[in-house]
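Listed below, chain by chain, are the residues.
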Amino acid sequence: MKTALLHEIEGLRTVALVLNTDDEAVATLASFAVEYRLAASHFIAIGAFSRAVVAYFDWATKQYRHTKINEQVEVLSLVGDIVIEEDLPKVHAHVVLGKADATAHGGHLIEGHVRPTLEIVVTETPRHLRRRFDPVSKLALIDTTVL
Amino acid sequence: MKTALLHEIEGLRTVALVLNTDDEAVATLASFAVEYRLAASHFIAIGAFSRAVVAYFDWATKQYRHTKINEQVEVLSLVGDIVIEEDLPKVHAHVVLGKADATAHGGHLIEGHVRPTLEIVVTETPRHLRRRFDPVSKLALIDTTVL
Amino acid sequence: MKTALLHEIEGLRTVALVLNTDDEAVATLASFAVEYRLAASHFIAIGAFSRAVVAYFDWATKQYRHTKINEQVEVLSLVGDIVIEEDLPKVHAHVVLGKADATAHGGHLIEGHVRPTLEIVVTETPRHLRRRFDPVSKLALIDTTVL
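Residues numbered from 1 in each chain as written. Chains lettered and ligands numbered in written order. Predicted model: local features only at pLDDT ≥ 70, side-chain atom pairs only at ≥ 80, totals over all residues. Heavy atoms only, no water.

Caption draft 1: View of the pattern of salt bridges. This structure, assessed with the given rule, holds 27 salt bridges over all chains. Here Glu85 of chain A and Lys90 of chain A are joined by a salt bridge, their closest N and O atoms 3.2 Å apart. Owing to a relative accessible area of 19%, Glu85 of chain A belongs among the buried residues under this scheme. In this structure Lys90 of chain A comes out as partly exposed when scored by relative accessible area, which is 38%. The network of salt bridges with shared partners includes Asp81 and Arg131 of chain A together with Glu119 of chain B. (Salt bridge = Lys/Arg side-chain N within 4 Å of Asp/Glu carboxyl O. Buried < 20%, exposed > 50% of the residue type's maximum accessible area, 1.4 Å probe, protein only.)

Okay, here's the thing in structure tokens:
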């Protein structure tokens, strides 16, 4: 993984992250976020995965159901944000994947194994947002009580 | 719905909107746009809906065909813009939704009922754009005659 | 095609591109990029196509497989970047399309014939990135050796 600072003005930073074959997207984004101590950030990406795991949140059981996609797919969009959760930046990303027959599939991204590239643009802002455990959904949601 | 101003410089504003369970996405974005008198803005979001209505514009009839999606879905991407139409900010948004089997579906967003969250980043710019009725498509398109 | 400069500060420019019926999206973006000598840029768009050609990169053969979509579709998202390749700005874009039955399809965008509109927001940054032929994938990837 390589990064390039594209622009910076008064705490608004635009950074390109280019991931290569065998980088795993979620782990790489998370370690980038920790290393650069990212404040509230959001990102968008395109590229391709050799395989991925996506998840669907089952409201009845309050559990994620995982779907493995064990084939080369185009990453049609990867959209997400990075917000502090328990003092560490946490990546939240949803993905749309295109198969060989051009059908689209996707979910909450659990694992995405890059091949050959994932081109991400991260926009960082100086303000911090935080996630907090929500007892109703049993998910860590952005804490709106402090906004 | 809660908002947080993430950054502002010379009229370029980045705002986080966090919607909660039972907020309807289109109406909430529209009232936010009116309240903050948004100029030309664009946004991107991820989250989940308990149900949604999406539309496809049928070119032959010049009518939108609605499809109801009456199940919990991941919002894989919600992309749109806010532009003035008849003196009011008008939301135009397209959505990609992921079902439990990881298949993707979508269209022009008519209604999206949030559950449990929708995380939106709005970028506002100081310039105004306007929509104007286009007699060929019978849609309100961005008025390019004044650009 | 018409453009509107929405904001500019120290080389960070936000530009709206509005394409009309019969504009082809990839060629129009490419000629815009050449005309404005775009440095590293990224974009996002929604709209509709009367027909499109999308591609899937077959890792086994290192060839793109094309799928023609010969019907009116909603452009649910068009995400991409513009980076210099062999001294010219090169457009790289992935698209998600919605059919009349609300199913989503997509791939690497080869051709997208606009009808009636495509609303693109381009963010330009002053830094240049370059693509370079990668002998393993046989694709022109962003050159990370110089980052």
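Caption draft 2: Highlighting the relation of the copies chain A and chain B. The transformation that overlays chain A on chain B combines an axial shift of 0.0 Å with a rotation of 120 degrees, and the residual RMSD is 0.0 Å. When the rotation and shift are considered jointly, the pair of chain copies conforms to a three-fold rotation axis. Scanning chain A for the C-alpha nearest the rotation axis identifies Ala104 of chain A, at a separation of 3.1 Å. The fraction of interface residues of chain A whose copies in chain B are also interface residues is only 15%, indicating that the copies meet through different surfaces. (Least-squares fit on C-alpha atoms with pLDDT ≥ 70 in both. Contact = heavy atoms within 4.5 Å.)

Caption draft 3: The relation of the copies chain A and chain C, seen in detail. Laying chain A over chain C is done by rotating through 120 degrees and shifting 0.0 Å along the axis; what remains is an RMSD of 0.0 Å. With a heterologous cut-off of 20% or less, the 18% of interface residues of chain A that recur at the interface of chain C puts this contact in the heterologous class.

Caption draft 4: Structural detail: empty space enclosed by the protein. Per the counting criterion, the structure on display carries six cavities of 30 Å³ or more. Surrounding the largest cavity, 33 residues form its lining, Thr123 of chain A, His42 and Thr123 of chain B together with His42 and Thr123 of chain C being those nearest its centre. For the lining of the largest cavity, the residue count by class is 18 nonpolar, 11 polar and four charged. (1 Å grid on protein atoms, 1.4 Å probe; cavity = no way out; pocket = protein on both sides within 12 Å on 5 of 7 lines; lining within 4 Å. Points joined across faces, edges and corners; volume = space filled by probe spheres on them. Nonpolar A, V, L, I, M, F, W, Y, C, P; charged D, E, K, R; others polar.)

Caption draft 5: The interface of chain A and chain B, seen in detail. Contacts between the two partners involve 41 residues from chain A, matched on the other side by 33 residues from chain B. Buried surface at the junction of chain A and chain B, both sides included, amounts to about 2,900 Å², of which 68% is carbon and sulfur. When residues of chain A are sorted by the area they lose upon contact with chain B, Tyr56, Trp59 and His94 of chain A head the list and together hold 22% of the total. In this structure, Glu119 of chain B engages Arg131 of chain A in a salt bridge whose closest nitrogen and oxygen atoms are separated by 3.0 Å. At the boundary of chain A and chain B, one finds 11 residue pairs in polar contact (both at pLDDT 80 or more). Going through the elements one at a time, β3 (41–58), β4 (63–69), β5 (73–85), β6 (88–98), β7 (104–124) and β9 (139–142) of chain A are the ones with two or more residues in the side of chain A that touches chain B. It is β3 of chain A that contributes the most residues to the side of chain A that touches chain B, six residues altogether. (Buried area = accessible area lost by both parts, 1.4 Å probe. Polar contact = N/O pair within 3.5 Å; in protein donor to acceptor, adjacent residues only side chain to side chain. Helix = DSSP H or I, 4+ residues; strand = E, 2+ residues; numbered from the N terminus.)

Caption draft 6: Seen up close, the environment of Thr125 of chain A. Residues and elements named next belong to chain A. Structurally, the position occupied by Thr125 is in the loop between β7 and β8 (130–134). Given the relative accessible area of 0%, Thr125 is considered buried. When the C-alpha atoms of Thr125 and Ala40 are compared, they prove to be 5.6 Å apart, with 85 residues separating the residues in sequence. Among the polar contacts made by the side chain of Thr125, one reaches the main-chain carbonyl oxygen of Ala40 at a distance of 2.8 Å.

Caption draft 7: Structural detail: the interface of chain A and chain C. Contacts between the two partners involve 34 residues from chain A and, on the opposite side, 41 residues from chain C. Roughly 2,900 Å² is buried in total at the junction of chain A and chain C, and carbon and sulfur atoms are behind 68% of that figure. Our enumeration of links across chain A and chain C arrives at one salt bridge. Seen at the junction of chain A and chain C, the total is 10 residue pairs in polar contact (both at pLDDT 80 or more).

Caption draft 8: Broad picture of helix α1 (residues 25–35) of chain C. Residues and elements named next belong to chain C. Among the residues of α1, those classed as buried are Ala25, Val26, Thr28, Leu29, Phe32 and Ala33. Projected onto a plane normal to the axis of α1, the buried residues spread over an arc of 165 degrees and lie on a single side. Residues of α1 that are buried make contact with β1 (2–9), β2 (12–20), β3 (41–58), β5 (73–85), β6 (88–98) and β7 (104–124). With a side-chain oxygen positioned 3.0 Å from the backbone nitrogen of Val26, the residue opening α1 is Glu24. Positive phi appears at Arg37, one or two residues downstream of α1, with a value of about 45 degrees. (Arc of directions from axis to C-beta.)

Caption draft 9: Focus on the side chain of Thr14 of chain C. With respect to the helices and strands, Thr14 of chain C occurs in strand β2. You can call Thr14 of chain C buried: its relative accessible area is 5%. Setting aside residues up to four positions removed in sequence, Thr14 of chain C forms contacts with Leu12, His42 and Thr125 of chain B together with Ala4, Leu5, Leu6, His7, Val121 and Val122 of chain C.

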